[in-house]
Amino acid sequence: MTGIRVMVVDDHPMWREGVARDLTEAGHQVVATSGEGRQAVRVAAAARPDLVVLDLQLPDISGVAVIHGLRAVLPQVRVLMLSASGEQQSVLDAVKAGATGYLVKSAGPAEFLDAVRRTAAGEPVFTPGLAGLVLGEYRRLAAGPADTASGGGDDAAPRLTDRETEVLRLVAKGLSYKQIAGRLGLSHRTVQNHVQNTLGKLQLHNRVELTRYAIERGLDG
């Protein structure tokens, strides 16, 4: 995927400019940059990026607060956290707020640009070692009291095709679209279509929510 509309939010000017330059050189369109959280939310509403590359630590409000603000004005926007912190709680807080990906700043340029492409496509992307942490947290939440609050509404759950269920199981295991395509002998686009159809049927917004849905129903075994 090329030509993604990206906004870069980071309070360090040299870092912000470097990220913007890497994105531009890779063929993406940097539609805005910002060094403050509240300003970022205001600017994003006008610039309408497809993806926001967001630092966790900002001088006025937290990156998590920015995610909430962004989702309020642009519900479909993807958020890739690019942070110096790889701490467990920071990652979980960002994902729960709606971040699609989380990368530490020690990542190389190629890894960063790959994460941009995949996050913009709706794939959850995490620094190696963090994906298991996020899936583990979803399993913990699914096993908790909150899972019973739905009151056994599975009878009314939308019916998925056998293929959609098969793809959903692999999503829950943390496989990428490319890996799922290889496992099932399908094209990358066909896997994307199955995921999009499933999201629509289940009225979910992204692959992170889809992963939790699958884990709550024991499809990750």
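Up top is the structure these notes are about.
What counts, and where the lines are drawn
Residues numbered from 1 in each chain as written. Predicted model: local features only at pLDDT ≥ 70, side-chain atom pairs only at ≥ 80, totals over all residues. Heavy atoms only, no water. Buried < 20%, exposed > 50% of the residue type's maximum accessible area, 1.4 Å probe, protein only. Helix = DSSP H or I, 4+ residues; strand = E, 2+ residues; numbered from the N terminus. Pairing = 2+ DSSP bridges. Expected span 1.5 Å × (residues − 1). Contact = heavy atoms within 4.5 Å. Right-handed = clockwise from strand over helix to strand, strands pointing away. Core = buried A, V, L, I, M, F, W, Y, C linked by side-chain atoms within 4.5 Å.

Asks: What is the right way to read the pairing of strand E4 (residues 78–83) from this model?
Replies: Walk down a regular strand and you will see the side chains alternate between the two sheet faces. Burial analysis of E4 places six of its six residues in the buried class, the great majority of the element. A two-sided burial pattern is seen for E4, the buried positions comprising Arg-78, Leu-80 and Leu-82 on one face and Val-79, Met-81 and Ser-83 on the other. When strand E3 (residues 51–54) meets E4, the two strands line up parallel, connected through four bridges. Across the sheet, residue Leu-51 finds its bridge partner in E4, namely Arg-78.

Asks: Sorry, what's going on with helix H5 (residues 109–120) here?
Replies: Residue pairs spaced three or four apart in an α-helix point in one direction, given the helix's 3.6 residues per turn. Over its 12 residues, H5 extends 17 Å from the first C-alpha to the last, a length consistent with the 16 Å expected when each residue adds 1.5 Å. Buried residues in H5 make contact with helix H1 (13–25), E3, E4, strand E5 (101–104) and strand E6 (125–126). Where H5 terminates, the next one or two residues include Gly-122, which has phi positive at roughly 95°.

Asks: I would appreciate a short explanation of the pairing of strand E1 (residues 5–9) in the present structure.
Replies: The element E1 is largely enclosed, with a buried count of four among its five residues. Pairing of E1 with strand E2 (residues 29–34) involves five bridges; the strand directions are parallel. Paired with Val-6 across the strands is Val-30, a residue of E2. With H1 bridging E1 and the parallel E2, this β-α-β connection has right-handed handedness. Two strands pair when backbone bridges link them, and E1 and E3 are joined in this way by four bridges, in the parallel orientation. If you follow Val-8 over to E3, its bridge partner there is Val-53.

Asks: Can you walk me through the nonpolar core in this structure?
Replies: Note that soluble globular proteins tend to have their nonpolar side chains buried in a common cluster. Formed by 27 residues in total, the largest nonpolar core has its most connected members in Leu-54, Ile-67, Val-79 and Met-81. Ignoring any residue separated from it by four or fewer positions in sequence, one finds Val-79 in contact with Leu-51, Val-52, Leu-54, Ile-67, Leu-70, Ala-99, Thr-100, Gly-101 and Thr-119. Counting residues in hydrophobic clusters, the runner-up holds 19 residues, among them Val-171, Ala-172, Val-195 and Ile-215.

Asks: Hey, could you run me through the environment of Leu-51 in this one?
Replies: Its place among the elements puts Leu-51 in strand E3. The class for Leu-51 is buried, based on a relative accessible area of 0%. In the structure, Leu-51 is positioned 27 residues away from Arg-78 in sequence and 4.7 Å away in space, judged by C-alpha atoms. Ignoring anything within four residues of it in the chain, the contact list for Leu-51 reads Ile-4, Arg-5, Val-6, Met-7, Val-77, Arg-78, Val-79, Leu-80, Val-116 and Thr-119.

Asks: It is not clear to me how the environment of Val-6 should be interpreted in this structure. Could you clarify?
Replies: Within the fold, Val-6 resides in strand E1. Residue class for Val-6 comes out buried when judged on its relative accessible area of 0%. When the C-alpha atoms of Val-6 and Val-31 are compared, they prove to be 5.9 Å apart, with 25 residues separating the residues in sequence. Leave out the neighbours within four places in its chain, and Val-6 touches Leu-23, His-28, Gln-29, Val-30, Val-31, Ala-32, Pro-49, Leu-51 and Val-53.

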